[in-house]
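Topology and contacts: notes
Listed here are the chains, written in short residue letters.
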Amino acid sequence: MVKGLYTAYTGMVNEQRRMDIETNNLANANSTGFKEERSVSQSFRDLLGLKIKDYSDAPWTARRLGLINPGVKLAGSYTNFEQGDLESTGNDFDLALNNGIPTTDSDSVNDNMGAGGNAFFATSFATGDPDVGALIKYTRDGNFTLDQDGYLVTTEGNNVLDVNNNPIQVDPLRDTTIFQDGRIVQDGNVVGTIQVARFDNPQFLQRYQDNSFIIGDSPAQVVSTTAAEANATVNQGFLERSNISVVDEMVNIIAIQRNYETNSKAMQSEDDTLDIAVNQLGKL
């Protein structure tokens, strides 16, 4: 019976952790370029149950009771890099990566989306830790703007990097055209090329502050830094929506709540049975 309490407990803990992931997805449904996180659960290893010191058999002979599973646990989580819909904004420095056919029409962009999103903008980030220094963050959020010095920056003020990992600076007083291969042109001159990073396996990337990723200690490697090599296009005047389906997330949350309640009732039943065995049967 105590094993039953523990098994139900592991189920409740697992569902709580799954709920944390689902609610974070739902909270970021309107975050530009956000990628859905999904959880994977697995059972603990089955154990061989033995009945020991049972004098109905030969003394000290352990008798097999069969396999017992002690519960379930969260094995981990992974990121769904499927591309989100692209939304036209008309702003010169709103950029979206599209892993499909080059186009300037918003409906055509969405119709031609690729299933994957293995292409990222690269941005610098000062950690404030002298031992770590600056990091490169990778994101699908292309909600960029210019700072007072003409540097292309994110909403957090981080520099957007070119193909050589240098900050991109333009003249804020001149018209800017950004081509789908990432070239930034002013007055007919190329002033920079936006880095579009592609990885050998993006699943190894580590989430950093929800909407971006870092390499960190993972084995992920950058295999290209241009839009052409990443099989992607840079679309000026567009932003990529999150790939979150609000309906799916709500359905998952309801299912998690029901699973949690089921484990809670199982724990209560085990507790009531244990109470009867100790406080009532024990008196006989």
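Above this text you will find the structure in question.
Residues numbered from 1 in each chain as written. Predicted model: local features only at pLDDT ≥ 70, side-chain atom pairs only at ≥ 80, totals over all residues. Heavy atoms only, no water.

When helices and strands are counted, the protein chain shows three helices and 19 strands. Split into buried and exposed, the 284 residues of the protein chain put 36% on the buried side. Counted over contacts in the protein chain with a minimum sequence separation of 6, partners at least 24 positions apart contribute 65%. When the accessible surface of the protein chain is summed, it comes to about 15700 Å², and 48% of that surface belongs to carbon and sulfur atoms. (Helix = DSSP H or I, 4+ residues; strand = E, 2+ residues; numbered from the N terminus. Buried < 20%, exposed > 50% of the residue type's maximum accessible area, 1.4 Å probe, protein only. Contact = heavy atoms within 4.5 Å. Areas by Shrake-Rupley, 256 points an atom, 1.4 Å probe, with all protein chains shown as cover.)

Taken as a whole and judged by the stated rule, the model has nine salt bridges. When the shortest N-O distance is used, the salt bridge between Arg18 and Glu15 registers 2.9 Å. Of this pair, Arg18 and Glu15 both sit in helix 1 (residues 2-27), three residues apart, which is roughly one turn of that helix. A relative accessible area of 8% means that Glu15 is categorised as buried. In this structure, Arg38 engages Glu36 in a salt bridge whose closest nitrogen and oxygen atoms are separated by 3.2 Å. Here the salt bridges do not stand alone but share partners, grouping Lys35, Arg140 and Glu240 into one network. (Salt bridge = Lys/Arg side-chain N within 4 Å of Asp/Glu carboxyl O.)

With respect to the element layout, Val185 can be found in strand 12 (residues 183-186). With 10 residues separating them along the chain, Val185 and Asp175 place their C-alpha atoms 8.5 Å apart. Val185 has contacts with Asp175, Thr176, Thr177, Phe179 and Val190, leaving out every residue within four places of it along the chain.

Turning to the packing of aromatic side chains, a few remarks are in order. Within this structure, the stated rule accounts for seven aromatic pairs. Each ring, one from Phe121 and one from Phe144, has its centre 5.1 Å from the other, and the planes form 80°; the classification is edge-to-face. One end of the pair, Phe121, is in strand 7 (residues 120-126); the other, Phe144, is in the loop between strand 8 (134-139) and strand 9 (145-146), with 23 residues separating them in the sequence. The class of Phe121 is buried, set by a relative accessible area of 0%. Residue Phe144 is classed as buried on the basis of its relative accessible area of 5%. Ring-pair connections join several aromatic residues into one group, and the members of that group are Phe81, Phe120, Tyr138, Phe199 and Phe213. Directly above the ring of Phe125 sits Lys137, whose terminal nitrogen or CZ lies 4.6 Å from the centroid. Here the guanidinium or amino end of Arg183 rests over the ring plane of Phe179, the centre of that ring lying 4.8 Å away. (Phe/Tyr/Trp six-rings, centres within 6.5 Å; stacked < 30°, edge-to-face > 60°. Lys NZ or Arg CZ within 6 Å of the ring centre and 35° of its normal.)

So, about the nonpolar core. Core analysis: the biggest nonpolar cluster contains 18 residues, and Leu95, Leu152, Ile168, Ile178, Ile194, Val196 and Val234 have the highest contact counts within it. The residues touching Ile178, leaving out its near neighbours within four places in the chain, are Asp92, Phe93, Leu95, Arg183, Ile184, Ile194, Val234 and Gln236. In this structure, Phe120, Leu161, Leu205 and Ala220 belong to the second largest nonpolar core, which totals 10 residues. (Core = buried A, V, L, I, M, F, W, Y, C linked by side-chain atoms within 4.5 Å.)

For Asn99, the location among the structural elements is in the loop between strand 6 (95-98) and helix 2 (106-111). Sequence separation of Asn99 and Val234 is 135 residues, and the distance between their C-alpha atoms is 9.2 Å. Polar contacts involving the side chain of Asn99 include one to the side chain of Arg140, which spans 3.3 Å. (Polar contact = N/O pair within 3.5 Å; in protein donor to acceptor, adjacent residues only side chain to side chain.)

The next point concerns the pairing of strand 13 (residues 189-193). Of the pairings in the sheet, the one linking strand 12 to strand 13 comprises four bridges and is antiparallel in character. For Val185, the partnering residue across the bridge sits in strand 13 and is Val190. Hairpin connection, strand 12 to strand 13: the antiparallel pair is bridged by two residues, and Asp187 has positive phi, about 55°. (Pairing = 2+ DSSP bridges.)

In space, the three strands of this open sheet follow the order 11-12-13, with antiparallel pairing throughout. In this open sheet, the two strands that pair with only one neighbour each are strand 11 (177-178) and strand 13.

Note that all results are geometric; they support no functional claim without further evidence.
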